[in-house]
Structures are given as structure tokens and as C-alpha cells.
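Examination of the molecular architecture
So the chains spell out like this:
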Amino acid sequence: MAVFLIRRLLYLVLTLFLVSIAVFAICEIAPGNIAINSLGNTITPEQEASFNAQNGLDQPPLTRYIRWMLGSDWQARRLIGTEVARIYEPENGRYNWWGRLPDGTLYQNATADGETMLRIERLADGGIREVTLGPEVWQRNAEGFEIFWGVDREGRAAMWVRGDQLEAWTQNKGAWTSVPGAPRQYVPLQKGLLRGDPGVSFLTRRPVAETLFPRLLNTLLLAAIAFVVVMPLALALGLLAGLNEGRLTDRLLSIASLIATATPEFASGVFLILIFSSWLGWLPGAVVVTSESTIWQNPQMLVLPIITLTLIELGYVLRITRSSMVEVMRTNYIRTATLKGLPERRIILHHALRNALMAPVTVIILHVNWLIGGIVVVETLFGFPGLGRYVLEAALFRDVFAISAATMVLVVIAVITQLVADLIYTWLNPRIRFA
Amino acid sequence: MALAEQTTAVAPEAPPARWRGLRTAWAILRRSRTALAGLAMVLFWVGVALFADACLVQPRCWSGDPEFTATPLLARYDPLEQFQGAGLQGPSWEHWLGTDRLGRDLWARIAHGARIILLLAPISVGIALLLGGALGLIAGYFGGQTDEIVMRLLDALMAFPQILLYLVIIAALGPSALNVVLAITIAGAPGVARLVRSLTLDLKTRDYVAAAQTRGESPWYIMVVEILPNARGPIIVDAMLRVGYAVFAIGTLGFLGLGLPPPSPDWGSIVNAGRKFIQAGHPWDALWASLATASLVVGLNLLADGVQEELERYR
């Protein structure tokens with residue numbers, strides 16, 4: 001069992017590694033570049049080059065893959081020579097990176113003329129103090145340039161070259177401004193996907209993690225409720241159909257479940273909205289979220305999304321349970337039990353049920369991949385603020401860090417649930433456990 | 001095989017060889033009410049797609065002349081024609097299913113959408129069958145290392161939730177008919193490969209395969225001539241289900257805004273464009289396109305389900 005588990009875990013890590021490379025590669029080969037996608041196609045070549053440099057997109061793919069996975073703060077620490085730290089700025093309501101001197105002072109750097117470096121120190125109350133640094137901070141590198149590594153005002157590790165007259169282009173609310181005294185090279189600071197920080201969204205300019213995790217919780221909530229509703233209902237109806245094989249109950253349940261499973265979520269969702277929201281007016285047809293707690297204040301908003309999600313899973317699980325039950329009821333040991341004269345209730349509860357539930361239980365968990373698809377559609381249709389809609393919006397806007405992070409999170413969930421399904425199956429079925 | 005037994009039972013007069021397959025299929029279908037109901041639903045949409053306009057008999061339509069629009073038949077109007085001042089109408093005698101935001105006839109759009117979906121779904125399943133079938137045959141027949149490598153890669157692909165595969169592929173390559181087909185093929189091929197592999201594993205132990213090996217036939221000959229034809233029953237049923245999935249997936253992609261670019265009348269895109277107007281009291285776009293997609297997928301599933309049930313009965 002231990003060997004089995006270790007081997008499966010190794011496969012899991014290998015799969016995730018391959019998937020991460022695949023996701024990175026697909027984002028890499030996507031036609032059209034990130035600068036044009038994020039800033040529009042009216043930008044000048046200088047603006048594009050500046051954008052790419054500021055976001056570290058001018059680096060080779062391997063460097064960027066490593067930064068994406070493992071972060072760049074440790075690289076920056078080596079270049080700058082002091083600690084760097086990500087701290088919360090209450091006055092701006094966001095996280096930002098600062099350098100940290102050995103005495104604990106937080107600082108960032110700037111220069112106006114490419115000659116005099118300033119150190120902007122952050123005071124405890126959020127205010128700042130400017131310190132002018134002497135010319136001794138410039139250090140001569142191997143190519144003979146006088147350079148200085150520090151943290152710029154946007155919280156990126158940056159390399160200034162003495163005497164440079166570079167300008168950095170930034171876009172603020174649609175207007176372009178150029179700032180003199182720009183660094184020559186940047187290392188955008190991030191902790192990396194493995195440490196819970198998959199970078200900054202090019203679309204919203206906020207850290208992906210900040211949006212992703214609340215969205216993930218919303219989605220898990222939706223999926224969990226759907227799961228709790230589907231499971232008992234589908235198993236019970238499936239057993240009912242299986243026990244009445246060939247009779248009217250079975251025919252009706254089978255046809256209904258086939259229709260429920262075959263109807264795409266967007267179609268069943270539209271039908272439900274039309275019936276329960278437009279026609280009968282019983283339930284709201286969209287999820288409108290104005291604050292964090294709206295979902296809890298108006299739980300009836302969740303009813304239609306959950307029913308939509310439930311319908312498709314219900315039919316599927318029902319059919320599996322039915323065929324599993326039919327199969328078990330035809331086995332020799334059930335026939336023996338019947339011939340022995342055991343009461344039917346006892347045969348079903350003691351002999352058939354456990355064996356009949358084995359297939360559906362594992363299949364349900366394996367079906368998580370399918371559920372994720374349903375979740376994307378349902379969240380889009382009802383406007384539910386979850387991870388599914390997030391990944392779709394990221395894909396539509398080609399928001400590279402957002403789509404790669406969300407994809408990785410969903411793949412991790414899918415792969416882990418598959419492992420769990422395998423373990424449960426092994427546990428339920430001794431023939432595999434001891435093979 | 002079940003198919004062979006069925007032929008002798010139903011048609012003892014031994015019809016000409018080229019009709020035998022069709023007769024067998026009909027004999028199976030005839031016995032299952034489920035399959036017949038499904039067939040009727042599918043044939044309805046096939047008919048609508050074929051005769052939406054007179055394209056079939058108008059050679060200029062085939063040459064791809066952009067100036068030329070085929071004479072509308074069943075669809076009654078051109079799917080792109082905008083009726084001025086007739087936007088967002090409900091069903092009427094003029095416009096059977098109503099009109100959309102731009103005043104385009106919804107029935108014409110649905111009918112032409114059937115053509116798109118009934119073209120793309122079988123094509124993508126066909127390519128997935130070729131690709132997955134070849135991989136499955138090779139993995140199953142050769143076994144050993146080949147099997148291990150092919151199946152590991154396919155497992156990794158299957159670990160990927162399909163919707164993400166679609167999203168990532170289409171986000172990377174952009175929405176177009178070709179990319180939709182590509183995405184569905186890539187997502188579908190591993191499943192086909194698994195099925196064909198398991199069938200091959202079973203069939204390669206048969207005597208006729210051993211006989212062919214003794215005759216010194218090449219592995220490729222054995223795979224294509226001896227094994228593949230004998231695996232066709234389950235593969236055909238699986239393919240029918242897969243066409244259903246493909247319709248499902250194309251609809252979903254269109255709904256998510258990842259399908260064919262506008263003004264293409266594919267059903268998912270019609271729902272996507274129309275859902276904004278549901279709350280405003282114009283549910284027709286979303287309703288009809290949803291009904292169309294649902295009925296086609298349900299029809300295909302009923303058909304596959306009925307056929308499978310009948311085949312199992314004779315096993």
C-alpha cells in the first residue's frame with residue numbers, strides 16, 4: 001500500500017510538472033504578444049519595449065518559467081545585496097515590494113537624472129523620507145558600466161546605469177506618461193506559483209492570488225453544495241431504477257436521466273431561468289454580488305446555478321448506479337441468497353448494496369473533470385463570481401499569469417481527486433488492494 | 001460477433017453484400033423505440049441542414065463565390081439578412097421564431113447553424129477516431145514499452161479537464177472553425193485510444209490473428225485487416241456518443257464566446273448573444289438555440305443508447 005501510494009504521488013508530481021510546462025508553452029506560442037493584448041494596438045515600439053522590460057518579458061523563456069514557478073525574490077536578493085520583502089501598504093490598500101536594510105528600514109530607490117540615486121525610506125506611519133546617496137553606490141561591472149541595483153518605486157528589482165537618460169513608459173488610465181531616470185533592466189518581484197504567488201495580472205494590475213483564492217472558495221462552495229445535493233438523490237434513484245429493471249419506473253428514470261445528462265448546461269440553465277425566473281418569477285435568474293457577504297444574505301440566488309449543475313451530474317450518476325445495481329442483481333451470490341430464501345430487503349441491504357455502490361462512488365469522484373466544465377458554463381451563465389468565470393475571462397483577454405495560475409489550480413484539484421478516487425477504489429475492493 | 005448473428009437471423013435470403021451493413025443497422029434500429037426516436041430527431045436536423053437553402057443544387061454556391069447567396073428553401077431567409085426596424089421580435093408569421101437584435105430571422109439562423117454543427121461535429125470525431133484509433137491499435141498490439149509510453153502520455157492528457165484544454169487551445173490560437181475542430185479532436189482522441197486499445201488487447205489473442213501471424217503477415221496488415229473490422233461494433237456505438245459530445249462541446253464553446261466568430265450562426269453563439277435579452281423580455285434567441293442544441297444531443301444519445309442496448313441483447 002505504501003509503495004502504491006508513493007508511486008502514485010510520484011506520477012502526480014510528474015504529471016503536474018508536464019502540465020505546467022505545457023501551460024507555459026501554450027501561453028508562450030500564442031500569436032500576438034502580451035504588450036499589444038494588454039495595452040491595445042496603438043502603442044509605439046518604444047512603449048512596447050518599455051512594457052516588456054518592466055514586466056521581465058524580454059528575458060529568455062527558461063528564466064521566465066523559473067520565475068513563474070519559483071519566484072524571483074531570491075534572484076533579486078543576490079543582485080541587490082539586501083533583503084527584499086513584500087509588505088502590505090494600508091494607505092494604498094495593496095501589497096508592494098520593498099528592499100529591507102539590515103536595521104529593518106524599508107526602502108525603494110529612484111533617480112531623477114541618472115546621476116544621483118535617492119533612497120526613499122518608508123516610515124512606520126506610512127510616510128516617506130528621501131535620503132540622497134553618494135556617488136560611491138555606483139559599482140563598475142564586468143562590461144565597464146557603472147551600475148546600481150535597487151528596488152524601484154513600483155516594487156521591482158531594477159538596475160540603473162550611471163549617466164543613462166532612459167525613459168520608462170507607463171500607462172495610467174489610458175494616458176501614456178514617460179518618466180525620466182529609468183532603470184535599464186528589471187526583475188519583477190514575485191514569490192512564484194509554488195509559493196502561492198503566480199504573478200500580477202496584466203489586465204487588472206493586481207496580484208493574481210488576491211483574486212484567485214476568494215474565487216476558488218466561491219467555486220468550491222458551489223461545487224460542494226451541488227455534490228451534497230446530487231449524491232444521495234442520484235444513488236437512491238439509481239438503486240430504485242436498478243431494482244425495477246425493465247419496468248415503467250426504470251424506463252422513465254432512464255430516459256429522464258439520459259435527457260438530463262445530454263442537455264448542455266447552458267441549455268438547461270436557459271430553460272431553468274425562463275421557467276423559474278422569467279415565467280414563474282420564483283427565483284432570481286442571475287447572481288448579483290455587490291459585497292463579500294451577498295451570497296450569504298441571498299442564498300436563493302444560488303438555487304438555479306446549483307440545479308443546473310445538479311441536473312447533468314444527477315443523470316450521469318443515476319445511470320452508473322442503475323447499471324451497477326442491475327449487474328450485481330444478476331450475480332450468482334445474489335441468486336444463491338434468493339434461493340436460500342432470504343427476505344428481499346436483507347438481500348438488497350446486506351448483499352447487493354455495498355457491491356453496487358463501488359462503481360458509482362469512484363466514478364463520481366473521477367467525474368470532477370466534467371464538473372469543472374459545468375462550473376465554467378454555469379458561472380458564466382449566472383454571473384457567479386467563481387474560478388470558472390475567472391479562467392474564462394483570463395482566456396478571453398489572454399491574461400497570461402491569470403490563465404496559467406487558474407489552470408494549474410484546477411488541474412491540481414482534478415489530479416488530486418483522481419488519486420483520491422483510486423485510493424477509495426483500492427480500499428473498497430480488496431482484490432486490487434492485495435494484488 | 002453480434003452483428004454477424006443478427007444478419008443471419010433477420011435476413012436469411014442473404015442480400016447483396018453492399019446492402020448487408022445497412023440492412024443490419026436498420027434491423028437493429030427497428031427493434032428499439034429509443035433508437036428510432038433518436039434517429040427521428042437527428043434526421044430532422046440533418047434534413048434542415050441539407051435543405052436550409054438550395055445550395056446543394058446550385059453549383060455557384062459550391063464555388064465559394066462571395067457575391068452569390070443560395071436561394072433559401074426551408075430557412076426562408078438568408079441568415080445574415082438584416083430586416084430594418086424588425087429587431088428583437090417574437091415569433092410571427094413573417095418570422096417563425098422571431099428576430100434577433102440586428103433584425104435577422106432566427107429560424108434562418110438556427111437552420112444554418114444546424115449545417116455548421118452537423119459538419120464540424122462529425123469531422124472532429126472522424127479525426128479523433130483516426131488519431132486515437134491508430135494510437136490505440138499500436139499500443140494494444142505491440143504492448144510493452146510502446147504501450148507504456150503511449151498510455152502514460154494519454155493519461156496525462158486525460159488528467160487535464162477538457163474545458164481547460166478547450167480554453168487554453170482556443171485562447172492561444174484564437175476562435176475559428178479549424179481551432180474548434182482541433183480542440184475537440186485533441187480532447188477526444190485519448191478516449192478513443194483507450195477503447196481501441198482494450199478491444200485490441202482482447203482480439204489479438206484470437207485464433208485468426210494467430211493464423212495471420214503464422215502466415216507471416218506484417219503487424220500493420222494484421223491490425224488493419226484482421227483486428228480493426230472485428231472491433232467495429234463498439235467503436236461505432238462509441239463514435240455515435242462522441243458525435244453527441246462534440247455537438248455538446250461545440251455548443252458550449254460557442255456559448256463561452258470561443259466558438260466561430262460572428263456573424264456565424266452557430267447555436268452556442270446565438271445563445272451567448274441572446275442571453276443578455278432574457279431579462280429584458282426577449283428570450284427567443286437563447287430559447288430556440290438552446291432547444292436546438294439540446295434536441296440534437298439528446299437525439300444522438302438516444303440513438304447510441306438504443307443501438308447499444310440492442311447489441312448487448314444479442315451478445
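Residues numbered from 1 in each chain as written. Chains lettered and ligands numbered in written order. Predicted model: local features only at pLDDT ≥ 70, side-chain atom pairs only at ≥ 80, totals over all residues. Heavy atoms only, no water.

Considering the overall build of chain A
Secondary structure assignment for chain A yields 16 helices and 11 strands. Expected size for 435 residues packed as a compact globule is a radius of gyration near 22 Å; at 29 Å, chain A overshoots this value by more than 25%. Its C-alpha atoms put chain A at 100 × 60 × 45 Å along the principal axes. In chain A, of all internal contacts separated by at least 6 residues, the share reaching a separation of at least 24 is 60%. In the form shown here, chain A has an accessible surface area of approximately 21600 Å², with 62% of it arising from carbon and sulfur atoms. On chain A, the mean spot of the 37 positive side-chain charges and the mean spot of the 34 negative ones are 14 Å from each other. (Helix = DSSP H or I, 4+ residues; strand = E, 2+ residues; numbered from the N terminus. Rg over C-alpha atoms; globule rule 2.2 N^0.38 Å. Contact = heavy atoms within 4.5 Å. Areas by Shrake-Rupley, 256 points an atom, 1.4 Å probe, with all protein chains shown as cover. Lys, Arg positive; Asp, Glu negative; His and termini not counted. Charge placed at Lys NZ, Arg CZ, Asp CG, Glu CD.)

Side note on the side chain of Asp250 of chain A
Residue and element names in this part refer to chain A. Structurally, Asp250 can be placed in helix H7 (residues 248–262). Assessed through its relative accessible area of 3%, Asp250 is described here as buried. A distance of 2.5 Å separates a polar atom in the side chain of Asp250 from a polar atom in the side chain of Arg322. (Buried < 20%, exposed > 50% of the residue type's maximum accessible area, 1.4 Å probe, protein only. Polar contact = N/O pair within 3.5 Å; in protein donor to acceptor, adjacent residues only side chain to side chain.)

As for helix H12 (residues 267–274) of chain B
Across the 8 residues of H12 of chain B, 7 count as buried, placing the element largely inside the fold. Listed as buried for H12 of chain B are Trp267, Gly268, Ser269, Ile270, Val271, Asn272 and Gly274 of chain B. As for H12 of chain B, its buried residues are in contact with helix H8 (265–279) of chain A together with helix H3 (33–50), helix H5 (106–142), helix H11 (232–255) and helix H13 (284–313) of chain B.

A word on the pairing of strand E7 (residues 146–151) of chain A
All names here are of chain A. Among the 6 residues in E7, 5 count as buried, and that is most of the element. In this structure, strand E6 (residues 139–140) lies alongside E7, joined through 2 bridges in antiparallel fashion. Across the sheet, residue Gln139 finds its bridge partner in E7, namely Ile147. As defined by bridge partners, E7 adjoins strand E8 (residues 156–161) across 5 bridges and the pair is classed as antiparallel. When the bridges of E8 are listed, Phe148 appears paired with Trp160. Adjacent in sequence and paired antiparallel, E7 and E8 are bridged by 4 residues, among which Gly155 carries a positive phi angle near 80°. (Pairing = 2+ DSSP bridges.)

Describing unusual backbone geometry
With an omega of 10°, the peptide bond between Pro262 of chain B and Pro263 of chain B qualifies as cis. For Pro263 of chain B, the location among the structural elements is in the loop between H11 and H12.

Concerning the interface of chain A and chain B
At the interface, 47 residues of chain A touch 42 residues of chain B. Surface buried jointly by chain A and chain B totals about 3600 Å² across both partners, of which 78% is contributed by carbon and sulfur atoms. Along the contact surface separating chain A from chain B lie 1 salt bridge. The salt bridge partner of Asp305 of chain B is Arg319 of chain A, with a shortest N-O separation of 2.7 Å. At the junction of chain A with chain B, the criterion picks out 3 residue pairs in polar contact (both at pLDDT 80 or more). Elements supplying a minimum of two residues to the side of chain A that touches chain B: helix H1 (2–29), H7, H8, helix H10 (303–329), helix H13 (368–382), helix H14 (387–396) and helix H15 (400–428) of chain A. By residue number, the principal contributor to the side of chain A that touches chain B is H8 of chain A, which donates 9 residues. By residue class, the composition of the side of chain A that touches chain B is 32 nonpolar, 11 polar and 4 charged. (Buried area = accessible area lost by both parts, 1.4 Å probe. Salt bridge = Lys/Arg side-chain N within 4 Å of Asp/Glu carboxyl O. Nonpolar A, V, L, I, M, F, W, Y, C, P; charged D, E, K, R; others polar.)

Comments concerning the packing of aromatic side chains
Enumeration over the complete set of coordinates arrives at 14 aromatic pairs over all chains. Relative to Trp45 of chain B, the ring of Phe44 of chain B lies with its centre 4.9 Å away and its plane at 70°, an arrangement referred to as edge-to-face. Look at Trp45 of chain B and you get buried, because its relative accessible area is 7%. Each ring, one from Tyr141 of chain B and one from Phe142 of chain B, has its centre 5.6 Å from the other, and the planes form 80°; the classification is edge-to-face. Note on Tyr141 of chain B: relative accessible area 12%, which makes it buried. The exposure class assigned to Phe142 of chain B is partly exposed, which follows from its relative accessible area of 39%. Within the aromatic cluster, the residues linked to one another by ring pairs are Phe24, Tyr65 and Trp68 of chain A. The ring of Tyr95 of chain A is capped by Arg86 of chain A, whose NZ or CZ atom sits 4.6 Å from the centre of that ring. Arg184 of chain A extends its terminal NZ or CZ atom over the ring of Phe145 of chain A, reaching a point 5.4 Å from the ring centre. (Phe/Tyr/Trp six-rings, centres within 6.5 Å; stacked < 30°, edge-to-face > 60°. Lys NZ or Arg CZ within 6 Å of the ring centre and 35° of its normal.)

Details of the environment of Thr99 of chain B
Tracing the backbone shows Thr99 of chain B in the loop between helix H4 (59–62) and H5. In this view, Thr99 of chain B contacts Ala86, Gly87, Leu88, Gln89, Arg104, Asp105, Leu106, His282 and Asp285 of chain B; residues no more than four positions away in its chain are not counted.

Quick look at H13 of chain B
Because an α-helix packs 3.6 residues into every turn, residues spaced three or four apart end up facing the same way. Taking 1.5 Å as the rise per residue, H13 of chain B with 30 residues should run 44 Å; its terminal C-alpha atoms sit 43 Å apart, in good agreement. Most of H13 of chain B sits out of view: 23 of its 30 residues are buried. (Expected span 1.5 Å × (residues − 1).)

Quick notes on a nonpolar patch on the surface
A cluster of nonpolar side chains, Leu50, Phe51, Leu56, Val57, Trp62, Leu73 and Leu74 of chain B, forms an exposed patch at the surface whose accessible area comes to about 710 Å². In this structure, Leu74 of chain B sits in the loop between H4 and H5. (Patch = residues over 30% accessible without salt bridge, like charges linked within 9 Å, V, L, I, M, F, W, Y side chains within 5 Å.)

Overview of the sheet that holds E8 of chain A
Residue and element names in this part refer to chain A. The antiparallel open sheet is built from 4 strands, whose spatial order is E6-E7-E8-E11. Either end of the sheet is taken by a strand with one partner, and the two such strands are E6 and strand E11 (185–188). In terms of strand pairing, E8 meets E11 through 4 bridges, oriented antiparallel. In the sheet register, Ala157 faces E11, and the bridge partner there is Val187.

Side note on the sheet that holds strand E1 (residues 83–89) of chain A
Sheet strands line up and pair through hydrogen bonds in the backbone, either parallel or antiparallel. Residues and elements named next belong to chain A. Overall, antiparallel pairing links the 5 strands, which are arranged E1-E2-E3-E4-E5 in an open sheet. Edge positions in the sheet fall to E1 and strand E5 (128–132), since each has one partner strand and no second. When the angles between neighbouring strand axes are averaged without regard to direction, this sheet yields 45°. Two elements, strand E4 (residues 117–122) and E5, share 5 bridges in a ladder whose sense is antiparallel. (Axes fitted to C-alpha atoms, helices over the stretch in contact; angles between N-to-C directions.)

Side note on the packing of H3 of chain B against H5 of chain B
Residues and elements named next belong to chain B. Where H3 contacts H5, the two axes come as close as 8 Å, and the packing angle between them is 105°. It follows that H3 is roughly perpendicular to H5 by the angle criterion. Here H3 contributes Trp45, Val46, Val48, Ala49 and Leu50 to the contact with H5, which in turn contributes Trp107, Ile110, Ala111, Ala114, Arg115 and Leu118. (Parallel < 35°, antiparallel > 145°, perpendicular 65-115°, else oblique.)

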